[in-house]
Amino acid sequence: MSISRRDFVKYTAAAAAGTAVFGHSGEVFAAKTTGIVMPKKGKRIVVLGGGWGGCTAAKYARLEDPSVEVILVEKDPMFISCPISNFVIVGKKRMQDITFTRDKLTKNYGVKIVYAEAKGLDAVKKTLATTAGTIEYDKLIVAPGISYDYDKIEGLNNPEAIKRFPAAFKAGAETIALKNQLEAMKPGGVVLLSVPPAPYRCPPGPYERASMIANYLKQNKKGSKIIVADANDDVTSKGPLFKKAWADMYQGVLEYVPDSAVLKVDASTGIITTEQGEIKADVANIIPPMKAGQIAFDLGLMNKPDDMFVRADAFTLETYNFKDVYVVGDAAHNGTVGGVPKSGYIANSMGKYCASAAVRTLNGQEPLAPSLINTCYSAVSDDEAIFVAAVYKYDPVSKRLISASSATSPERRKLFEKHAEDWAVGIWSDILS
């Protein structure tokens, strides 16, 4: 599944030229058009967004009913995994290890892929306008991921500040930028990592990153420390396990400060102002508050003026705003869908059951009651990890997804770190192979 340098150049060049890629392994390039792309001849599901939820939905819609045509629309030519990207930041993995093509979705399941950007939605005519032309659909599954709400932090919403204070919660260029900054920092330096207010993508993700950076500093940057400025009043996931690891391994290296949201940044001086005061950092990983991917706003999926995530029916994930338009993954509104975390595994689970619901209703059948699973491993050092696992089921009374069972690891173990890497390989295969 890994992307070669040759394919990377080919796909990137195609994306930069604004062309669309269709069919087997992305080998056939179609010229830009303003007309209908592949006029619809039968039942069709279009999936917008080729991340964890979108690729899963595209694959499992074809598995549910191979007679239904599935078109995946995605602007980025490569799939880059946000889970495991923390390993890249500290040099435990390479970008190539978390970067893949989507070719096997076409080769193995017949998913047609259009590499293009969405521009508009007509939910009455059931058409999605893209930079490659207009695509007709019977059902549209939108998987827009997240975007950063830069305006919530004074001084952050400009190119200079974004470059100096990378968030790295969208794996790719930001991941490499943060990695390079850490490597360039002199011993004795200060790293600041900010945790945004919940809800945000991958609740334990910032704390795993803090642990791995602390471990990196301890081994490679003597006398350095990391300050974790958390906008929340406590660690939002696996708190006791993280805190025990920090106390056991990172005394004097990691300082955790709750109720310390970042209020202002100054790219010229590197000074960050939090609720608890000012901090001068050599490297600052500022993770802003999050909202649904911008395309969700552009397509009119927000139900209320102040919504940051897409409201949807928890039973099918059909959006409140439009019939036959569904949402999966991190962009889903927790208040309507239920108390599920914004995690890669949940996006994968959502993609499966949403694909089933869309196909079944398209075929005149009742959707099956949804059930989701989540497992999240978090590394706390080079070779130890912790985990949380949960099952969520639909509650017909509250009409939401609620936790049916959950558990955390009893302690950190080396075995769990190996499980984390094996889990990633397994779920990447489930999504893309």
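Below is a summary of the structure that appears in this document. Keep in mind that what you see is a predicted model, and the values were worked out from it rather than measured.

**Points about the sheet that holds strand S17 (residues 271–274)**
Moving on, step 1. One open sheet holds the three strands; their spatial order is S16-S17-S18, and the pairing between them is antiparallel. The strands lining the two open edges of the sheet, one partner per strand, are strand S16 (262–266) and strand S18 (277–280). Between one strand axis and the next, the sheet turns by 20° as a mean value, whatever way the strands run.
Moving on, step 2. Note: S17 against S18, four bridges, orientation antiparallel. When the sheet's bridge partners are listed, Thr-273 is paired in S18 with Glu-278.

**Let's talk about the pattern of salt bridges**
Moving on, step 1. Counted under the stated rule, the structure contains 22 salt bridges.
Moving on, step 2. Its salt-bridge partner being Glu-183, residue Lys-179 comes within 2.8 Å of it at the nearest N-O pair. Here the residue Lys-179 and the residue Glu-183 both occupy positions in helix H6 (residues 173–184), the gap between them amounting to four residues, near one helical turn.
Moving on, step 3. Exposure remark for Lys-179: the relative accessible area of 16% places this residue in the buried category.

**Some remarks on helix H11 (residues 344–362)**
Moving on, step 1. Taking 1.5 Å per residue as the helical rise, H11 with its 19 residues ought to reach 27 Å, and the 27 Å between its terminal C-alpha atoms agrees with that figure.
Moving on, step 2. Among the 19 residues of H11, 17 are classified as buried, and the element is accordingly described as predominantly covered.
Moving on, step 3. Gly-364 sits one or two positions beyond H11 and adopts a positive phi of about 75°.

**Regarding the packing of aromatic side chains**
Moving on, step 1. Here the structure, examined in full by the defined rule, presents 12 aromatic pairs.
Moving on, step 2. With 6.3 Å between their ring centres and 50° between their planes, Phe-79 and Phe-100 make a pair best called tilted. In this pair, Phe-79 sits in strand S5 (residues 79–80) while Phe-100 sits in strand S6 (residues 99–100), placing the two residues 21 residues apart along the sequence. Take Phe-79 and Phe-100: they sit in the same class, and that class is buried.
Moving on, step 3. On the numbers, 4.9 Å between centres and 55° between planes, the contact of Phe-100 with Trp-428 is tilted. You can see Phe-100 sitting in strand S6 and its partner Trp-428 sitting in helix H12 (residues 414–432), a full 328 residues away along the chain.
Moving on, step 4. Given a relative accessible area of 4%, Phe-100 falls into the buried group.
Moving on, step 5. Owing to a relative accessible area of 6%, Trp-428 belongs among the buried residues under this scheme.
Moving on, step 6. These aromatic residues form a ring-pair network of at least three members: Tyr-207, Phe-242, Trp-246 and Tyr-256.
Moving on, step 7. Note that Lys-170 overlies the ring of Tyr-148, its terminal NZ or CZ placed 4.9 Å from the centroid.

**Quick look at empty space enclosed by the protein**
Moving on, step 1. Throughout the structure, instances matching the rule amount to two cavities of 30 Å³ or more.
Moving on, step 2. The wall of the largest cavity is formed by Gly-329, Asp-330, Ala-332, His-333, Asn-334, Val-340, Pro-341, Lys-342, Ser-343, Ile-346, Ala-347 and Met-350.
Moving on, step 3. Here the lining of the largest cavity gets three residues from one element, more than from any other, and that element is H11.
Moving on, step 4. Each residue belonging to the lining of the largest cavity can be placed in one class, and the counts come to six nonpolar, four polar and two charged.
Moving on, step 5. A volume near 40 Å³ is recorded for the second largest cavity.
Moving on, step 6. If you go around the second largest cavity, the residues you meet are Tyr-150, Leu-156, Ile-162, Phe-165, Pro-166, Ala-167, Glu-174, Ile-286 and Pro-288.
Moving on, step 7. Among the residues making up the lining of the second largest cavity, the classes are represented as eight nonpolar, no polar and one charged.

Here is what the cut-offs are and how they apply
Residues numbered from 1 in each chain as written. Predicted model: local features only at pLDDT ≥ 70, side-chain atom pairs only at ≥ 80, totals over all residues. Heavy atoms only, no water. Pairing = 2+ DSSP bridges. Helix = DSSP H or I, 4+ residues; strand = E, 2+ residues; numbered from the N terminus. Axes fitted to C-alpha atoms, helices over the stretch in contact; angles between N-to-C directions. Salt bridge = Lys/Arg side-chain N within 4 Å of Asp/Glu carboxyl O. Buried < 20%, exposed > 50% of the residue type's maximum accessible area, 1.4 Å probe, protein only. Expected span 1.5 Å × (residues − 1). Phe/Tyr/Trp six-rings, centres within 6.5 Å; stacked < 30°, edge-to-face > 60°. Lys NZ or Arg CZ within 6 Å of the ring centre and 35° of its normal. 1 Å grid on protein atoms, 1.4 Å probe; cavity = no way out; pocket = protein on both sides within 12 Å on 5 of 7 lines; lining within 4 Å. Points joined across faces, edges and corners; volume = space filled by probe spheres on them. Nonpolar A, V, L, I, M, F, W, Y, C, P; charged D, E, K, R; others polar.

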